[in-house]
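# An overview of the molecular structure
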Amino acid sequence: MGNGLINRLLRALRLDASLYREVSAPDGDTRQAALVVLLTAVAAGAEGVWVSVSGAGLIAITHVAAWPVWAAGIWLVGARLKAPNGEASGFGQVARAIAFAQAPGVFFATSLVLFWISAPLWGTVRTLISVWVVIGTFLAIRETLGLSNGRTLGTLFGVGAAIAVLLGPVSVFATFWALFPRHSIGGIVATVSYGLFDFNLGLGLIRAVTRLVLPAAIELVV
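Overview of the structure. (Residues numbered from 1 in each chain as written. Predicted model: local features only at pLDDT ≥ 70, side-chain atom pairs only at ≥ 80, totals over all residues. Heavy atoms only, no water.)

### Observations regarding helix α5 (residues 91–101)
The following threshold applies: For the exposure calls, accessible area comes from a 1.4 Å probe over protein chains only, and a residue counts as buried if that area is under 20% of its type's maximum, exposed if over 50%, partly exposed in between. Starting at the N terminus, helices and strands are each numbered in turn, a helix being any DSSP run of H or I of at least four residues and a strand any DSSP run of E of at least two.
Most of α5 is tucked away, with nine of its eleven residues classed as buried. Inspection of α5 places Q93, V94, A95, R96, A97, I98, A99, F100 and A101 among the buried residues, and these make up the whole buried set.

Structural data, given as structure tokens:
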């Protein structure tokens, strides 16, 4: 199998489990992994162009910053769930595999067209892409750390839940801060919180709460 970036991106899109074992090898190419994260960061930022160019840039930067955060969480949790006699994987190995799991995120750039055609259509496509990323992340964790399916799910959603618990209150507070009155710093903090959470579990759970539930509650109160 070829080890060029394009070839590996295509294998990641096909959810080729052997790819994650390959890129997580001790001599894996971290530069390729970083390029994948950068590509998906630009695509993720494309969603924010509808609001502002600066917002798009912030989303892209947050996406890149979320990479080591998620990789560290998965490495720390997954390593403790691994069988005692199993070979330990290093942080860099996990980080490379997690990076390639983001490959389907390049299609987030389609928001520039789909959102103009139909917001509900784009919402559906975004959810499908997010599920695609979650499946890729599941495979990356399982193949890199050598965990069972159950422990892999536990690692993925356990880390996601921990990040949500830590960032949820920050997101809610920042959203209120941005609305009463509208405050740019609050919007920045909220965007960063969303971006960190959405890196691997890009289903927009916190975003849905803060964008739909909170404004509705505010209207009822005010």
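### As for the pattern of salt bridges
Condition: Definition used for salt bridges: Asp or Glu carboxyl oxygen within 4 Å of a side-chain nitrogen of Lys or Arg.
Scanning the model with the defined rule gives six salt bridges in all. Of the charged contacts in the structure, one is a salt bridge between R11 and E22, with a shortest N-O distance of 3.0 Å. Of this pair, R11 sits in helix α1 (residues 5–13) while E22 is found in helix α2 (residues 17–23), placing the two residues eleven residues apart along the sequence. According to the relative accessible area criterion, R11 is buried, its value standing at 2%. Accessibility expressed as a relative area gives 24% for E22, which makes it partly exposed. For R31, the salt bridge goes to D29, with nearest N and O atoms at 3.7 Å. Look at D29 and you get partly exposed, because its relative accessible area is 25%. Linked by salt bridges that have partners in common, R8, R11, D16 and E22 make up one network.

### Overview of a nonpolar patch on the surface
The condition that has to hold: Patches here: salt-bridge-free residues with over 30% relative accessible area, like charges joined within 9 Å, nonpolar side chains (Val, Leu, Ile, Met, Phe, Trp, Tyr) joined within 5 Å. Per-residue accessibility takes into account occlusion by the displayed protein chains alone, with areas from the Shrake-Rupley method and a 1.4 Å probe.
A cluster of nonpolar side chains, L112, V113, W116, I117 and L121, forms an exposed patch at the surface whose accessible area comes to about 560 Å². Turning to its location among the elements, I117 is positioned in helix α6 (residues 111–117).

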